[in-house]
Amino acid sequence: MTAVDEAFAHLPGGVPVEEAVADLRLACIARAIDEREMTLQNQNKVFFEISGAGHEALGVGLARALRPGYDWFFPYYRDLALVLGLGVTPEEVLLQAVGSAADPSSAGRQMPSHWGSVTRNIVTASSPTGSQVPPASGCAEASQYLAHHPGLPGCSSHPDEITYVSLGEGACSEGEVWESLSLASTLHLPLLVVVADNGWAISVPAREQAPASIDHMVSGFKGLRVFDLDGCDYFEVRRVAEECIGWMREGNGPALIHAKVIRPLSHSSQDTQSKYRSPEDLADERQRDPIVLLSGALLAAGALTAEGLAELQAEAVALVAEAAKRALDGPRPDPLTVTDHVFSPRDFGESVPLTDGEPITMVDAINRTLHDLFEGDERIRVLGEDVADAPPELIDRVEGKGGVFGTTKGLQRRFGSDRCYNTPIAEAGIIGRSIGQAIRGLKPCAEIQFFDYVWPAMQQLKSEAATTRWRSNGTFKVPMVVRIPIGGYLTGGSIWHSQCGEAIFAHVPGLRIAMPSRAADAAGLLRAAFRCDDPVLFLEHKHLFRQPYARDPYPGPDYVLPFGTGAVRREGNDLTIVTWGATVQKSLEAADRLAEVGGSVEVIDLRTIIPYDREIIAASVSRTGRLLVVHEDTLTAGFGAEIAAWAADELFESLVAPIRRVAALDTPVPYEPGLEYVVLPQVDDIASAAAALLSF
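Quick notes on the rules
Residues numbered from 1 in each chain as written. Predicted model: local features only at pLDDT ≥ 70, side-chain atom pairs only at ≥ 80, totals over all residues. Heavy atoms only, no water. Pairing = 2+ DSSP bridges. Helix = DSSP H or I, 4+ residues; strand = E, 2+ residues; numbered from the N terminus. Axes fitted to C-alpha atoms, helices over the stretch in contact; angles between N-to-C directions. Contact = heavy atoms within 4.5 Å. Phe/Tyr/Trp six-rings, centres within 6.5 Å; stacked < 30°, edge-to-face > 60°. Buried < 20%, exposed > 50% of the residue type's maximum accessible area, 1.4 Å probe, protein only. Lys NZ or Arg CZ within 6 Å of the ring centre and 35° of its normal. Parallel < 35°, antiparallel > 145°, perpendicular 65-115°, else oblique. Left-handed = near helix turned anticlockwise from the far one by under 90°. Patch = residues over 30% accessible without salt bridge, like charges linked within 9 Å, V, L, I, M, F, W, Y side chains within 5 Å. Areas by Shrake-Rupley, 256 points an atom, 1.4 Å probe, with all protein chains shown as cover. Salt bridge = Lys/Arg side-chain N within 4 Å of Asp/Glu carboxyl O. Right-handed = clockwise from strand over helix to strand, strands pointing away. Polar contact = N/O pair within 3.5 Å; in protein donor to acceptor, adjacent residues only side chain to side chain.

Student: So what exactly am I meant to see when it comes to the sheet that holds strand β10 (residues 420–422) here?
Tutor: A sheet is described by the order of its strands in space; here 7 strands give the open sequence β10-β9-β11-β12-β14-β13-β19, paired in mixed fashion. Among the strands making up the open sheet, the edge pair consists of β10 and β19 (608–610). Within this sheet the neighbouring strands show an average axis-to-axis angle of 20°, counted without direction. Two strands pair when backbone bridges link them, and strand β9 (residues 380–384) and β10 are joined in this way by 3 bridges, in the parallel orientation. Following the sheet pairing, Gly384 is matched in β10 by Asn422. This element, helix α13 (residues 362–376), spans β9, β12 (481–486) and β14 (536–541) of the sheet and lies at about 135° to β9.

Right, here's the structure in full:
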């Protein structure tokens, strides 16, 4: 028996010697990268460092069973060894650490250990703990859909692919993680959730995080297979990875691996764990160092000699040192490029003229537009609470719901339950899973039932959807539409069904925002939203859904209204009112009232908030010399303040009077009709403010 054969016979699980040695080499490279980054940070050449030390055996062992460019990956910041195992090079890792323009994952925009690789399907990472899990569930959901809809443009899939997502045990406290685990189990998704449990959430021990370990807490999740293992034991990781991932590739659904690992180095360069961990605790961890354990096993089996191990470790250090030198010599980012990729290039296609015909309501225009869009593009799916018509087994026996306001009625009946479907009451999950589908090339249309309930999804909208294109330097994108009924003037809607708040989202770079006031505009803007490669908030004012004055003839299946194009709803010479949403009609009524006493008021409907049409405002104010901004959102920090500030900067020489605003009081919308009337801007308020400006 040769030495290699003898070693092979003694490696646990029959792991080939060459694979174990190669993985030890990768683990040593990962550790050397950590150490090199810490040295470079002390030299002010790296500006932040977060270590993957103690997680090496878990990463390289799992990578052996996974397929880069085939499976999909949402790794977290301690997955250095995993991404090396998937083919990311030490130089690529260090290019990110030094903030080089040559960093292929972000071109210097992301901090270290925020992986991203298009060719390997490693999705650009974010920092909020656990927020990667909902998009990962959406990615796995896309796998199921694409398996039944092959050949869709811009989409690719494999029949036995899986989606990998990892997180620490501390992130398991996040509600979004539980929403995703519930979804994966309910829908039987090919989602592998790896929890790397090193016992500490920065300085908080695991016992203070949860009543039990994650493998125990999910034990009642039907359909979720759970594995508990020693993540420091390379051979146990190999065994479990082969069993778990092989089982998943057979189509058996989701799995969770709870891997107990160590954290021999502090949480990050901003942390000193000796301040809260005892010397004995840290000494015990060093005995479980996965590199020491794997080295010892290979030495004991005769697969490596002491000299060979020393040579391997020295080669790893030298390789990383050379990679660091090349990274430091790489180009620096051009400051002029920092605003690139906040948004995609505008490409809404060619518009066509409006058509004549029988006027329809805004709600019907939205519904018909969705039907037209569904007809032409199988990538479009609608998901949300109550958006479907009925359970599939009842759909032929009942009328069907199709959303609280009927905007999605008939979509499920006509196009099937995999294209229009209900979701749990989990707003973060709705948006997160839509993000994952969009990353896969689909065009999801998520509905949040009321604007007042969008806040649980804020993390997904702001930290995930809005930043994906920018943080990946344009290599990943999230083409999704989020439709949200918004606004008051309902009588009885109260604080929970009547709020506006578009200004909050206007402050988030990367989100486009539309808020139409008429049926034809709703149709044209919705079609533009689906042609856009950015996440779009499509705000549908509930008060306008069935108002006669908001009706228009349906403009047909080819009508597109580009974002950033306002409309003059009423011409005038003495005062410009800029407004949007439900206050457009109220501004028109106020303008009519002032016309009776000789006031000539021009009313501009912005139609979109991000971007908004500066040119149409400038052209109007240059003639009228006066500007009044009217909106339903609260006065303080409402979007009207942005328009007023811009106009004061850019149009000052045209103004003959101060800029004024009319908006809601800085208080929630109340239930009782008389109180609601006082809070929201009314025709009298607009007319009074306009009259004051006209007389200035």
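Student: Whenever I open this one, the packing of aromatic side chains confuses me. Can you help?
Tutor: The way to describe two aromatic rings as a pair is by their centre distance and the angle between their planes. Tallied over the entire structure, the rule returns 15 aromatic pairs. Where Trp200 meets Tyr276, the ring centres are 5.6 Å apart and the plane angle is 50°; that geometry is what we call tilted. Taken together, the positions of Trp200 in strand β4 (residues 200–201) and Tyr276 in the loop between β7 (255–260) and α10 (279–286) put the pair 76 residues apart, joining distant regions of the chain. Exposure remark for Tyr276: the relative accessible area of 23% places this residue in the partly exposed category. Their ring planes at 75° and their centres at 6.0 Å tell us that Trp580 and Phe639 sit as a pair that is edge-to-face. With Trp580 in the loop between β17 (575–579) and α21 (583–595) and Phe639 in helix α23 (residues 639–650), this pair connects stretches of sequence that are 59 residues apart. Accessibility classification places Trp580 together with Phe639 in one group, the buried group. An aromatic cluster of at least three residues, connected via ring pairs, comprises Phe405, Phe450, Tyr453 and Phe545. Sitting over the face of the ring of Tyr70, Arg67 holds its NZ or CZ atom 4.8 Å from the ring centroid.

Student: Can you walk me through the packing of helix α6 (residues 133–148) against helix α15 (residues 427–439) in this structure?
Tutor: Any two packed helices are characterised by how steeply their axes cross, that is the angle between the axes, and by the distance between the axes. In the contact formed by α6 and α15, the axes pass within 6 Å of each other and the chain directions differ by 55°. Taken together, the axes of α6 and α15 lie oblique to each other. Note that α6 runs across α15; the crossing there is right-handed. Each of Pro134, Pro135, Ser137, Gly138, Cys139, Glu141 and Ala142 in α6 lies in contact with α15, whose residues at this interface are Ala428, Gly432, Arg433, Ile435, Gly436 and Gln437.

Student: Hey, could you run me through unusual backbone geometry in this one?
Tutor: Outside of glycine, negative phi angles account for most residues, and trans bonds account for most peptide bonds. The peptide bond linking Ile610 to Pro611 adopts the cis configuration, its omega dihedral lying at -5°. With respect to the helices and strands, Pro611 occurs in the loop between β19 and α22 (614–624). Even without being a glycine, Ala107 presents a positive backbone phi close to 55°. Checked against the element boundaries, Ala107 lands in the loop between α5 (90–97) and α6. The class of Ala107 is buried, set by a relative accessible area of 12%.

Student: In this structure, what is going on with a nonpolar patch on the surface? I would like to understand it.
Tutor: Residues Leu665, Tyr677 and Val678 make up a contiguous nonpolar surface patch of roughly 300 Å² in combined accessible area. Here Val678 lies in helix α24 (residues 673–679). Look at Val678 and you get exposed, because its relative accessible area is 54%.

Student: I keep staring at the sheet that holds strand β18 (residues 601–605) and nothing clicks. Help me out?
Tutor: By definition, the strands of a sheet pair up through backbone hydrogen bonds, in either a parallel or an antiparallel sense. Across the sheet, 5 strands lie side by side as β16-β18-β17-β20-β21; this open sheet has mixed pairing. Strands at the two margins of the open sheet, each flanked by one partner only, are β16 (567–570) and β21 (660–664). Pairwise comparison of adjacent strand axes, ignoring direction, gives a mean angle of 25° for this sheet. Here β17 runs beside β18; their pairing, made up of 5 bridges, is parallel. Bridge pairing in β18 places Leu575 opposite Val601.

Student: What's the story with the pairing of β14 in this structure? I'm lost.
Tutor: If a strand is regular, its side chains alternate between the two faces of the sheet. Counted residue by residue, β14 has 6 buried out of 6 residues, so it is predominantly covered. Covered by surrounding structure in β14 are Val536, Phe538 and Glu540 together with Leu537, Leu539 and His541, the residues of both alternating faces. For β12 and β14, the ladder comprises 6 bridges, and the chain directions are parallel. Looking across to β14, one finds that Pro485 is bridged to Glu540. Pairing between strand β13 (residues 512–514) and β14: 3 bridges, direction parallel. Looking at β14, one finds that Ile513 is bridged to Leu537. Each parallel crossover has a hand, and the one from β13 via helix α20 (residues 519–531) to β14 is right-handed.

Student: Please clarify how the side chain of His543 should be interpreted in this entry.
Tutor: By the secondary structure assignment, His543 is in the loop between β14 and β15 (552–553). Among the polar contacts made by the side chain of His543, one reaches the main-chain carbonyl oxygen of Tyr489 at a distance of 2.9 Å.

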